[in-house]
Structure formats: structure tokens, C-alpha cells
Amino acid sequence: MAKKKFAKDSVTIMTEMVLPNDTNTLNNLMGGRLMHWMDIVAAIAAQKHSNRIVVTASADSISFKQPINLGNVVTLKAQVTRAFNSSMEVFIEVTAEDIPASKKIMTHRAFFTFVAVDQNGRPIEIPEVVAESEEEKELYEGALRRRQLRLVLAKRMKPEDAQELKSIFNLEGPTT
């Protein structure tokens, strides 16, 4: 891999206000609009890390447990957690704030994967991630397991080759 870059250097914060055109008939933020914002903030973080054009490769499950209401201020924070050859995992955390009511809640978390590409759209090598804080180290350590799970689910890796997943599920079989 090329040089190393600190995880904190990719941090990107984006703020949006939920306007009527962003909402569904219940006056809540539409899921597709939120995913669009998440993709933008994650892409910017990936570009900061790689200094390259990036394309979205995958988005892990995004569950909509907490509605975001019309008028809320939405803050999206993204950071690269780990880099592989040309791909990188980006963690996104979303909070919604009702400023007049002084209420702020964490509403969504997700991991997106981006691939850095050259001008011809071919994958290109990127810098390694250096994790410093405890949270960064935890995200960094879990990234390989998440990557292997994505690859297995996409049928791009055989389950028996996913060593990190084997260690979680104790798939080595009984020891005698």
C-alpha cells in the first residue's frame, strides 16, 4: 500500500435541514433522501482519505428505527475505518436535532464501502488507515470481519475462506 493516513483526517460532517420536499406523507424524512445524504458524506470522507475519485461499492443494512421529522436538523458524520487495496470502509453516524425543543437523538448508523478509481475507472491503490482513538481502533478491528461477511454474502468469497468469520462462530469444528 501507499503511505499511511490517520482515520481522523477523513472525518466529514454534513448538516441538512429536513424540508417539506424531503418528507413522506407522515412528515418524516424519506429513507431514500437519507441514503442519498449518507452516500454523499461517505464519498467525501473516502475522497479525503484516498485523494481519488471514489465509487460506492456497497451499503450495509440501514435500519429505520427512529423517524426524522420535518424541521429537524440532520447531522451526518462519516469517517474511513479501514482501507484495503483499493477499497475502504466508511462508518456513518446520523443524528437528528429538534432545535426548538432542545432534543438531539442518534437515529442511524451504517457502513458503506467505496473503491478508489483512476481516470479510466480502474481500481487504484490507496493509503493505509492509522487508527488512534479507542473507537477508531474498535472500528478498524471489526472492518475485516464486516468485509469478509460482505464478500461471502455477495458470493465473492467462499465461507470456508472467511477466517475472521470462522473465529467468531467457532467454525473450526470440535477439537479432540
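Look up: the structure comes first, before these words.
Summarised in this report is the structure supplied together with it. (Residues numbered from 1 in each chain as written. Predicted model: local features only at pLDDT ≥ 70, side-chain atom pairs only at ≥ 80, totals over all residues. Heavy atoms only, no water.)

### What to know about the sheet that holds strand 4 (residues 73–83)
Phase 1: One open sheet holds the five strands; their spatial order is 2-4-5-6-3, and the pairing between them is antiparallel. What marks the edges here is a single partner per strand, and that holds for strand 2 (12–17) and strand 3 (53–59). Ignoring which end each strand starts from, the neighbouring axes of this sheet average 30° apart.
Phase 2: Bridge count for strand 4 against strand 5 (residues 87–98) is ten bridges, and the pairing is antiparallel. The residue of strand 5 that forms the bridge with Leu76 is Val94. (Pairing = 2+ DSSP bridges. Helix = DSSP H or I, 4+ residues; strand = E, 2+ residues; numbered from the N terminus. Axes fitted to C-alpha atoms, helices over the stretch in contact; angles between N-to-C directions.)

### Regarding the nonpolar core
If you look at soluble globular proteins, the nonpolar side chains tend to sit buried side by side.
Phase 1: Counting residues in hydrophobic clusters, the biggest one holds 33 residues, and the most contacted among them are Met38, Leu76, Met88, Val90, Ile92 and Phe114.
Phase 2: Broken down by secondary-structure element, the contributors of at least two residues to this core are helix 1 (31–50), strand 4, strand 5 and strand 6 (103–117).
Phase 3: The element contributing the most residues to this core is helix 1, with eight residues. (Core = buried A, V, L, I, M, F, W, Y, C linked by side-chain atoms within 4.5 Å. Buried < 20%, exposed > 50% of the residue type's maximum accessible area, 1.4 Å probe, protein only.)

### A few points about helix 1
Phase 1: Across its 20 residues, helix 1 extends 28 Å between first and last C-alpha, which sits within 8% of the 28 Å expected from 1.5 Å per residue.
Phase 2: Listed in full, the buried residues belonging to helix 1 are Leu34, Trp37, Met38, Val41, Ala42, Ala43, Ala45, Ala46, His49 and Ser50. (Expected span 1.5 Å × (residues − 1).)

### Focus: the pattern of salt bridges
Oppositely charged side chains can form a pair if their charged atoms are brought close together.
Phase 1: A full pass over the atoms with the stated rule returns seven salt bridges.
Phase 2: The shortest N-O distance in the salt bridge between Arg33 and Asp22 comes to 2.8 Å. Of this pair, Arg33 sits in helix 1 while Asp22 sits in the loop between strand 2 and helix 1, placing them eleven residues apart in sequence.
Phase 3: The exposure class of Asp22 is buried, given its relative accessible area of 8%.
Phase 4: In this structure, Arg109 and Glu93 form a salt bridge, with 2.7 Å as the shortest nitrogen-oxygen distance. Of this pair, Arg109 sits in strand 6 while Glu93 sits in strand 5; the two residues are 16 residues apart in sequence, bridging distant segments of the chain.
Phase 5: The partly exposed category is assigned to Arg109, whose relative accessible area is 48%.
Phase 6: Beyond isolated ion pairs, a larger network of salt bridges with shared partners links Asp60, Glu89, Arg146 and Arg150. (Salt bridge = Lys/Arg side-chain N within 4 Å of Asp/Glu carboxyl O.)

### A few points about the environment of Gln66
Phase 1: Summarising the element assignment, Gln66 is placed in the loop between strand 3 and strand 4.
Phase 2: In the structure, Gln66 is positioned 39 residues away from Ile105 in sequence and 8.8 Å away in space, judged by C-alpha atoms.
Phase 3: Each residue touching Gln66, except ones within four places of it in the same chain, is listed here: Ile105, Thr107 and His108. (Contact = heavy atoms within 4.5 Å.)

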